[in-house]
2 protein chains.
Amino acid sequence: MNSMRRIAIDAMGGENAPEAIIKAVLRAKKELKETQFLLFGNKEEISKYLPSEELDNQIEIINTSEIISDEDEPVRAIRRKKDSSLVVAANYVKTGKADGLLSLGNTGALLAAGIFIVGRIKGVERPGLMPTLPVKNSDNGFNMIDVGANAQAKPEYLVKWAQMASFYAEKVRGIKNPKVALLNNGAEYDKGDDLHKNVYQLLQAEPINFIGNIEGNQLLSGMADVVVTDGFTGNAVLKNIEGTSSTILHLIKDALINGSFITKIGALLIKGALKSIKSKFDTAKYGGAVLLGLKSPVVKTHGRSDQRAIYYTLIQIDKMIEEDLTSVFTAEFSKNDDK
Amino acid sequence: MNSMRRIAIDAMGGENAPEAIIKAVLRAKKELKETQFLLFGNKEEISKYLPSEELDNQIEIINTSEIISDEDEPVRAIRRKKDSSLVVAANYVKTGKADGLLSLGNTGALLAAGIFIVGRIKGVERPGLMPTLPVKNSDNGFNMIDVGANAQAKPEYLVKWAQMASFYAEKVRGIKNPKVALLNNGAEYDKGDDLHKNVYQLLQAEPINFIGNIEGNQLLSGMADVVVTDGFTGNAVLKNIEGTSSTILHLIKDALINGSFITKIGALLIKGALKSIKSKFDTAKYGGAVLLGLKSPVVKTHGRSDQRAIYYTLIQIDKMIEEDLTSVFTAEFSKNDDK
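Residues numbered from 1 in each chain as written. Chains lettered and ligands numbered in written order. Predicted model: local features only at pLDDT ≥ 70, side-chain atom pairs only at ≥ 80, totals over all residues. Heavy atoms only, no water.

Okay, the overall build of chain A next. In terms of helices and strands, chain A carries eleven helices and twelve strands. Since a compact globule built from 339 residues should have a radius of gyration of about 20 Å, the 21 Å found for chain A is in line with a globular shape. Once the C-alpha set of chain A is aligned to its principal axes, its extents read approximately 70 × 60 × 35 Å. Within chain A, buried positions represent 56% of all 339 residues. Summarising the internal contacts of chain A: among those between residues at least 6 apart in sequence, 71% fall at separations of at least 24. As presented, chain A carries roughly 14500 Å² of accessible surface, and 47% of it is formed by carbon and sulfur atoms. Computed over 43 positive and 42 negative side-chain charges, the separation of the two mean positions in chain A equals 2 Å. (Helix = DSSP H or I, 4+ residues; strand = E, 2+ residues; numbered from the N terminus. Rg over C-alpha atoms; globule rule 2.2 N^0.38 Å. Buried < 20%, exposed > 50% of the residue type's maximum accessible area, 1.4 Å probe, protein only. Contact = heavy atoms within 4.5 Å. Areas by Shrake-Rupley, 256 points an atom, 1.4 Å probe, with all protein chains shown as cover. Lys, Arg positive; Asp, Glu negative; His and termini not counted. Charge placed at Lys NZ, Arg CZ, Asp CG, Glu CD.)

Residue and element names in this part refer to chain A. Domains assigned within chain A are domain 1 (1–124 + 293–339) and domain 2 (128–287). Of note, the centres of domain 1 and domain 2, computed from C-alpha atoms alone, are 25 Å apart. Listed per partner, the contact involves 19 residues of domain 1 and 15 residues of domain 2. Where domain 1 abuts domain 2, roughly 1600 Å² becomes buried across the two surfaces, and 70% of that area is made up of carbon and sulfur atoms. Of all residues in domain 1, Leu111, Gln316 and Phe333 bury the most surface against domain 2, accounting for 23% of the area lost on that side. In this structure, the connection of domain 1 to domain 2 is made through zero salt bridges. Across the contact surface, domain 1 and domain 2 share two residue pairs in polar contact (both at pLDDT 80 or more). (Domains from an automatic or database assignment. Buried area = accessible area lost by both parts, 1.4 Å probe. Salt bridge = Lys/Arg side-chain N within 4 Å of Asp/Glu carboxyl O. Polar contact = N/O pair within 3.5 Å; in protein donor to acceptor, adjacent residues only side chain to side chain.)

All names here are of chain A. Take Gln307: it is sitting in helix H10 (residues 307–323). Spatially, the C-alpha atom of Gln307 lies 9.9 Å from that of Leu26, the residues being 281 residues apart in sequence. Setting aside its immediate chain neighbours within four residues, Gln307 contacts Ala20, Lys23, Ala24 and Arg27.

The next thing to look at is the packing of aromatic side chains. Residues and elements named next belong to chain A. Counted according to the given criterion, the structure contains twelve aromatic pairs over all chains. Taken together, a centroid distance of 5.2 Å and an interplanar angle of 75 degrees make the contact between Tyr200 and Phe210 edge-to-face. With Tyr200 in helix H7 (residues 194–204) and Phe210 in strand E9 (residues 209–214), the pair connects residues that are ten residues apart, well separated along the chain. Summarising the burial analysis for this pair, Tyr200 and Phe210 share the class buried. (Phe/Tyr/Trp six-rings, centres within 6.5 Å; stacked < 30°, edge-to-face > 60°.)

What follows concerns the sheet that holds strand E10 (residues 226–228) of chain A. Residue and element names in this part refer to chain A. Overall, mixed pairing links the five strands, which are arranged E6-E7-E10-E8-E9 in an open sheet. In this open sheet, the two edge strands, each paired with only one partner strand, are strand E6 (132–133) and E9. In this sheet, E10 lies alongside strand E7 (residues 142–145) in parallel orientation, the contact comprising three bridges. For Ile145, the partnering residue across the bridge sits in E10 and is Val228. The strands touched by helix H8 (residues 231–257) within the sheet are E6, E7 and strand E8 (179–183), with E7 carrying the most contacts at an inclination of about 135 degrees. (Pairing = 2+ DSSP bridges. Axes fitted to C-alpha atoms, helices over the stretch in contact; angles between N-to-C directions.)

All names here are of chain A. Taken as a whole and assessed by the stated rule, the structure comprises 20 salt bridges over all chains. Among the salt bridges present, the one from Asp99 reaches Arg6, with a minimum N-O distance of 2.9 Å. Of the two residues, Asp99 is situated in the loop between helix H4 (85–94) and strand E4 (100–103) and Arg6 in strand E1 (residues 5–10); the sequence distance between them amounts to 93 residues. What makes Arg6 buried here is its relative accessible area of 16%. For Asp139, the salt bridge goes to Lys285, with nearest N and O atoms at 3.7 Å. Taken together, the residues span a long stretch of sequence, with Asp139 in the loop between E6 and E7 and Lys285 in the loop between helix H9 (261–280) and strand E11 (289–292) at a distance of 146 residues. Note on Lys285: relative accessible area 27%, which makes it partly exposed.

Superposition of the two copies of the chain requires a rotation about an axis together with a shift along that axis. Relative to chain A, chain B is turned by 180 degrees and slid 0.0 Å along the rotation axis, the superposed coordinates differing by an RMSD of 0.0 Å. Considering both components of the superposition, the chain copies are consistent with a two-fold axis. In terms of C-alpha distance to the rotation axis, chain B has Gly266 of chain B as its closest residue, with the C-alpha 1.9 Å off the axis. In this assembly the copies share their binding face: 100% of the residues contributing to the interface of chain B also contribute to that of chain A. (Least-squares fit on C-alpha atoms with pLDDT ≥ 70 in both.)

What follows concerns the interface of chain B and chain A. With 48 residues of chain B at the contact, the number on the chain A side is 48 residues. Of the roughly 4300 Å² buried between chain B and chain A on both sides combined, carbon and sulfur atoms contribute 72%. Joining chain B to chain A, the criterion identifies two salt bridges. One salt bridge connects Lys239 of chain B with Glu215 of chain A, and the closest N-O pair in it is separated by 2.3 Å. The interface formed by chain B and chain A contains eleven residue pairs in polar contact (both at pLDDT 80 or more). Those elements that place two or more of their residues in the side of chain B that touches chain A are helix H7 (194–204), helix H8 (231–257) and helix H9 (261–280) of chain B. With 18 residues, the top contributor of residues to the side of chain B that touches chain A is H8 of chain B.

Residue and element names in this part refer to chain A. Judged by pairing direction, the sheet is mixed, and its seven strands sit side by side in the order E3-E2-E1-E4-E12-E11-E5 without closing on themselves. Two strands in the sheet have a free side with no partner beyond their single neighbour: strand E3 (59–63) and strand E5 (128–130). Here the strands of the sheet are splayed against their neighbours by 25 degrees on average, with no regard to which way each runs. Relative to strand E2 (residues 35–41), E1 runs parallel, the two being bridged by six bridges. For Asp10, the partnering residue across the bridge sits in E2 and is Phe40. Packed onto the sheet, helix H5 (residues 107–118) meets E4, E5, E11 and strand E12 (298–300) and runs at close to 175 degrees relative to E12. Its contacts with the sheet place H10 against E1, E2, E4, E11 and E12, and it is angled at close to 140 degrees to E1.

Residue and element names in this part refer to chain A. At a closest axis distance of 9 Å, the pairing of helix H6 (residues 155–171) and H7 adopts a crossing angle of 45 degrees. The orientation of H6 relative to H7 falls into the category oblique. In this structure, the crossing between H6 and H7 has a hand that is right-handed. For the pair H6 and H7, contact is made by Pro155, Leu158, Val159 and Ala162 and by Leu195, Asn198, Val199, Leu202 and Leu203, respectively. Across the contact of H6 with H7, the residue classes tally to eight nonpolar, one polar and no charged. (Parallel < 35°, antiparallel > 145°, perpendicular 65-115°, else oblique. Left-handed = near helix turned anticlockwise from the far one by under 90°. Nonpolar A, V, L, I, M, F, W, Y, C, P; charged D, E, K, R; others polar.)

And the structure:
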């Protein structure tokens, strides 16, 4: 049983906790026979959704008495709520009783738990938060790093994020020689502020497939597999993709619902076609956002995630544990001088 | 005739030049009886689209022999191509022979012409580029400044942009006490990198209606009339709005065109409703992007603009000249110490 991969799951975070989380675990457990799922949270609450026949060697419940909510101040919360589902789960990872961590709760608290409890890989000064996002006309998607773990950026951070994300795209997502681009305000090498000009030069010297700058309107085009950006810009752009797409889809829905009788009939007829777009832009299947640069995989999924999105995130974490990215990064970064 | 407002128009810039530009002028001239339109460019080319009966005291053609293309390096182009439509038009504004400038051509060259030929208002160290963008459920739209005239930002720049854009929203767009927000990576006052934390504090002390931070997903919600941001983030976000919305609309179009027979019939029936969305998200009616902080209005419209978009931009420039924003800014900024 010790050779099993073990995923620590904060079962109390997110809007659909713990039900959606447990359903996702029950689905994942059928496929990942070598994986154990550790559920941290209120045992009574969790047991409600867990049929007794499912309680086998693949599932364990660890009872915890506290919950970190979205309103909690992240760093204080992980220091004070010692018996919260998140903190206890993170400690399991720290002490080697689990190999990866999933939470749907307070993003800041998960980042803090990742950095202060799970810990950084030697040589990675600042971990970066990295989701996988959809692209047009392909099922591949792209990784964007950092989308907000760090408001303040230095050139070295971005270079390390590029290295790690390139490895991730290759090992976890199976993309050969992933194309890495820098989010910038123009195509030419000399574009951008000092930070981004500097990063451009540094990335050219790295043994990755750096294809140059990418602009904000090209992100969803699929021209890059990995997009590197500072956390401030990345955060604004990520939220903007969400806001713009949901605004447009809402407007379309409104127009169809409030339209004439003819429009309503038309809306019924195109329903199937619109669903196919939704599946094209299906972010669920890409899993969660990885806090890249930690000693073990730590992944955040959206608080509104349904069981399907959580299921894909479990598959993603399992793959990260299997590929043992931490060892790859550690070997890679110890070649250079350590800080 | 000297009391007329005079708009200098680079008739050679943009994909549809000069035809679309001249059509727009002919439409605007019927409404703006007090305005004169100065067309700079190849006289022969321009005359082709200009019926001789329209050549009255409201229209003048100034023949120029050179054109600045999108491929030209901006600063070099405005220094070397002295007889280009853009440079000659900008010189008309500089010497008081015109009151405002419109171009659809090379954005960088227009920014350079604005700053180096038309000139900055005393007290404005860095002009900011400011489009008006659409919002959901309202015809008002919002102004975003700076979207890329400055890659490098300082807190004082953003504060001045906020002041100027607030005036603009009030005087030109007719919004009483416009709500001004700072694009940031969280709602709380202490969010962001050092630059944005600093700007937050400074904006609170300004006599404008500062409503706090706005996040990337809220831009199109209409919660702010003016959004202030550094030019690097603003550029990424503006391009991202364009890229995301066009990607989604393309996907929908593709799904409808390549769908089943039933889908195609449905697509025909909803055509009207989809058009109503397009008119909701009609950026043309908001005019062009203003380079705010210059001694006279200088406005850029998209190179792909049709005559309708250009027409609205002429109306916008006319309104800016009428409201004499420069005097307002000059009076306002001379209260403080000048740099």
